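Listed below are the residues making up each chain.
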Amino acid sequence: MAADANRVIDSLRLDDTFLDEEHRALREVLRRFVNERIVPRAADWEAARRVPGEVFRELGELGLLGLSFPEELGGGGAGTRGAVVFNEELGRSTYGGVATSITVHTDFSALHLARAGDDEQRRRFLPDVLSGRRICALAVTEPDVSSDLTRLATRARRDGDHYVLDGRKTFISNANLAGLFFVVARTGEPGSGRHGLSLFVVERGTPGLSNGRTFTKGGWHSADTGELVFDGCRIPARNRLGEEGAGFRWMMRGLDHERIGLSAQAVGLGEAALAATVGWLRERPAYGRTLWDLQALRHELARFTARLSAAKTMLYHAAARADAGEDPRTHAAMLKASIPELVNELVYKCVQFSGGAGFVTGSEVERIARDARFLAIGGGSTEVMLDEIARLM
Ligand SMILES: Cc1cc2nc3c(=O)[nH]c(=O)nc-3n(C[C@H](O)[C@H](O)[C@H](O)COP(=O)(O)OP(=O)(O)OC[C@H]3O[C@@H](n4cnc5c(N)ncnc54)[C@H](O)[C@@H]3O)c2cc1C
């Protein structure tokens, strides 16, 4: 039933148009992994408020942690389209927290090693990252700084062959799980704006790095989210990725990729919500027939199917252009400004049409509604994305 419900979207044949044979094979492997290794276990992870480390290692054994890394670095060479397939299939699991925890590692943090790292840094860190022996996190957000990331205040003061980090990062996904943190900190003077930021790798166990609070949240229950505290945290200067002062540029490159990935997660969640709701309506007896026979409900879901199909086409187009070497900035902002909002509208209706069953904790649409919510905020909120688009108009 679920697969049937998405047959209109599948009939677009986006995979045939935009993906290579390898991407299509990858989707099959991922779908099997999600169905067999994630869905049956994820309720326990929701309760535990984290995805266990062994899941990363299982993904690593299958070569699924480095899909977006170039082949010459031991990755899958699957590019942005591979990342879209990966994020979308994890979203289809209906567990947004699992998708986040895994993709923060695979796509939103460690890829900085491929972009900005040198050979020595890649040799030192990549084997553990690609095998899942060390989980990764991205530490940008700070308690006293809003979305204006040019004002990040965590300091990284040069001291001989070292930097000393002081400050606090908040809302960090994988904060407790991770062994490697990709941290943006200020090497310039306070007030030096975007040109005063640099990017670092900080290893768990470094004196002066500790975990602060861990947050419970309204959704993404299986994603571990917490604070990091840097208090005289002394790291070798060779842990700086790229030039001093280039951190903002690397961070924004990463955020473009993240925005495409989060949009793909939203598409996956949206498709799963549609499938669950259509399946439910078709079986739910009402007025001597089923709820699906009520045109008001059917039309609304048909409308969202058409809108989601358009959004997904734009997503695949954007990924293909990125793989062709184009700067993805504008596409990424447009996707992130529109797809999570659309999916939130869609899942509101899915909960509504599921009646009481859609409000009960543990039902797929109830969880998707909770988990989709933050996709319109995290990694660049809708409003910040609109600002970005407006600047280009
Ligand atoms: C569960 C969770 C996981 C997260 N994971 C990570 C992570 O792994 N790493 C990390 O670094 N961060 C992470 N974050 C932080 C997340 O990316 C930010 O919360 C998000 O980008 C929004 O920033 P903010 O919370 O500072 O909101 P604010 O910037 O304070 O925004 C508040 C409101 O103001 C609006 N606003 C802000 N700027 C503008 C503008 N220019 N124009 C119009 N409106 C505007 C926003 O859209 C929003 O509605 C996570 C957060 C959560 C809750």
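Residues numbered from 1 in each chain as written. Predicted model: local features only at pLDDT ≥ 70, side-chain atom pairs only at ≥ 80, totals over all residues. Heavy atoms only, no water.

Looking at an unreviewed UniProt entry, one finds the chain named Acyl-CoA dehydrogenase, with Nonomuraea cavernae as its source organism. In its Cofactor (unreviewed entry) section, UniProt records this for the chain: "FAD". If you open the UniProt record of the chain and go to Sequence similarities (unreviewed entry), you find "Belongs to the acyl-CoA dehydrogenase family." (UniProt positions renumbered as here; feature names shortened; annotations may be inferred.)

(A) Region of interest: the overall build of the chain. A count of helical and extended segments in the chain gives 14 helices and 10 strands. Relative to the compact-globule value of 21 Å for 393 residues, the chain shows a C-alpha radius of gyration of 21 Å, a close match. The 393 residues of the chain split such that 58% are buried. Within the chain, counting contacts between residues at least 6 apart in sequence, those at least 24 apart form 75% of the total. Of the accessible surface of the chain, which amounts to about 16,600 Å², a share of 51% is contributed by carbon and sulfur atoms. Seen as two clouds, the 51 positive and the 53 negative side-chain charges of the chain have centres 2 Å apart. (Helix = DSSP H or I, 4+ residues; strand = E, 2+ residues; numbered from the N terminus. Rg over C-alpha atoms; globule rule 2.2 N^0.38 Å. Buried < 20%, exposed > 50% of the residue type's maximum accessible area, 1.4 Å probe, protein only. Contact = heavy atoms within 4.5 Å. Areas by Shrake-Rupley, 256 points an atom, 1.4 Å probe, with all protein chains shown as cover. Lys, Arg positive; Asp, Glu negative; His and termini not counted. Charge placed at Lys NZ, Arg CZ, Asp CG, Glu CD.)

(B) Fine view of the domain arrangement of the chain. You can read the domains of the chain as domain 1 (2–131), domain 2 (136–245) and domain 3 (249–391). Placing the centre of domain 1 and that of domain 3 at their C-alpha centroids yields a distance of 19 Å. At the interface, 38 residues of domain 1 touch 37 residues of domain 3. For the pair domain 1 and domain 3, the summed buried surface comes to about 3,100 Å²; carbon and sulfur atoms form 64% of the total. The interface formed by domain 1 and domain 3 contains 3 salt bridges. With a shortest N-O distance of 2.7 Å, R81 and D323 are connected by a salt bridge. The interface formed by domain 1 and domain 3 contains 12 residue pairs in polar contact (both at pLDDT 80 or more). Contributing elements (two or more residues each) for the side of domain 1 that touches domain 3: α1 (2–5), α2 (7–10), α3 (14–18), α4 (21–48), α6 (79–92), α7 (96–109) and α8 (111–116). When its residues are assigned to classes, the side of domain 1 that touches domain 3 shows 16 nonpolar, 12 polar and 10 charged. (Domains from an automatic or database assignment. Buried area = accessible area lost by both parts, 1.4 Å probe. Salt bridge = Lys/Arg side-chain N within 4 Å of Asp/Glu carboxyl O. Polar contact = N/O pair within 3.5 Å; in protein donor to acceptor, adjacent residues only side chain to side chain. Nonpolar A, V, L, I, M, F, W, Y, C, P; charged D, E, K, R; others polar.)

(C) Examining the side chain of S222 more closely. In this structure, S222 sits in the loop between β6 (209–214) and β7 (225–236). S222 has contacts with W45, E46, R49, R50, V51, G97 and V98, leaving out every residue within four places of it along the chain.

(D) Geometry of the site of the ligand. Not every one of the 22 residues close to the ligand is listed here, only the nearest: T141, S147, F171, S381 and E383. Within the side chain of S147, an N or O atom sits 2.5 Å from an oxygen atom of the ligand. Residue E383 places a side-chain N or O atom 2.6 Å away from an oxygen atom belonging to the ligand. Protein chains bury 65% of the 970 Å² of accessible surface belonging to the ligand in isolation. (Near = heavy atom within 4 Å.)

(E) Representation of helix α5 (residues 53–61). Taken together, the buried positions of α5 are occupied by G53, V55, F56, E58, L59 and G60. Close packing links the buried residues of α5 with α4, α7 and α9 (119–131). After α5 finishes, the residue G63 shows a positive phi value of roughly 75 degrees.

(F) Just the layout of surface pockets, in detail. There is about 1,300 Å³ of room inside the largest pocket. Lining the largest pocket are 43 residues; nearest its centre among them are T141, I377, G378, G379 and G380. When contributions to the lining of the largest pocket are tallied by element, the ones reaching two or more residues are α7, β3 (162–173), α10 (247–283), α13 (364–373) and α14 (382–391). Partitioning the lining of the largest pocket into residue classes produces 18 nonpolar, 13 polar and 12 charged. (1 Å grid on protein atoms, 1.4 Å probe; cavity = no way out; pocket = protein on both sides within 12 Å on 5 of 7 lines; lining within 4 Å. Points joined across faces, edges and corners; volume = space filled by probe spheres on them.)

(G) Quick look at the nonpolar core. Residues I38, V98, I102, L308, L315, I339 and L346 are the most contacted members of the largest nonpolar core, which totals 70 residues. If we ignore the near neighbours within four places in the chain, the residues touching L308 are I9, V267, G270, E271, L274, L342, V343 and L346. Counting 29 residues, the second-largest nonpolar core is a separate cluster that includes F69, L180, F182 and M251. (Core = buried A, V, L, I, M, F, W, Y, C linked by side-chain atoms within 4.5 Å.)

(H) Summary view of the pattern of salt bridges. For the coordinates displayed, the defined rule picks out 34 salt bridges. For the salt bridge of R13 with D16, the shortest nitrogen-to-oxygen distance reads 2.7 Å. We classify D16 as partly exposed; its relative accessible area is 40%. If you follow the salt bridges from partner to partner, you end up with D15, R27, R31, E88, E89, R92, E271 and K312 in one network.

(I) Examining the UniProt feature "domain: Acyl-CoA dehydrogenase/oxidase C-terminal" (unreviewed entry) in the chain more closely. The feature "domain: Acyl-CoA dehydrogenase/oxidase C-terminal" (unreviewed entry), as annotated in UniProt, sits at residues 245–391 in this numbering. Taken end to end, residues 245–391 comprises 76% helix and 3% strand; its first and last C-alpha atoms sit 24 Å apart.

(J) Fine view of the UniProt feature "domain: Acyl-CoA dehydrogenase/oxidase N-terminal" (unreviewed entry) in the chain. Per the UniProt record, "domain: Acyl-CoA dehydrogenase/oxidase N-terminal" (unreviewed entry) is annotated on residues 21–132. Helix and strand shares over residues 21–132 are 75% and 0% respectively, and the end C-alpha atoms of the span are 26 Å apart.

(K) Region of interest: the state of the cysteines. Overall, the coordinates contain 0 disulfides when judged by the stated rule. Here C136 stays free of any disulfide, with the sulfur of C233 as its closest cysteine sulfur at 16 Å. Among the residues examined, C136 registers a relative accessible area of 0% and is labelled buried. C233 gets classed as buried once you look at its relative accessible area, which sits at 0%. (Disulfide = S-S within 2.5 Å.)

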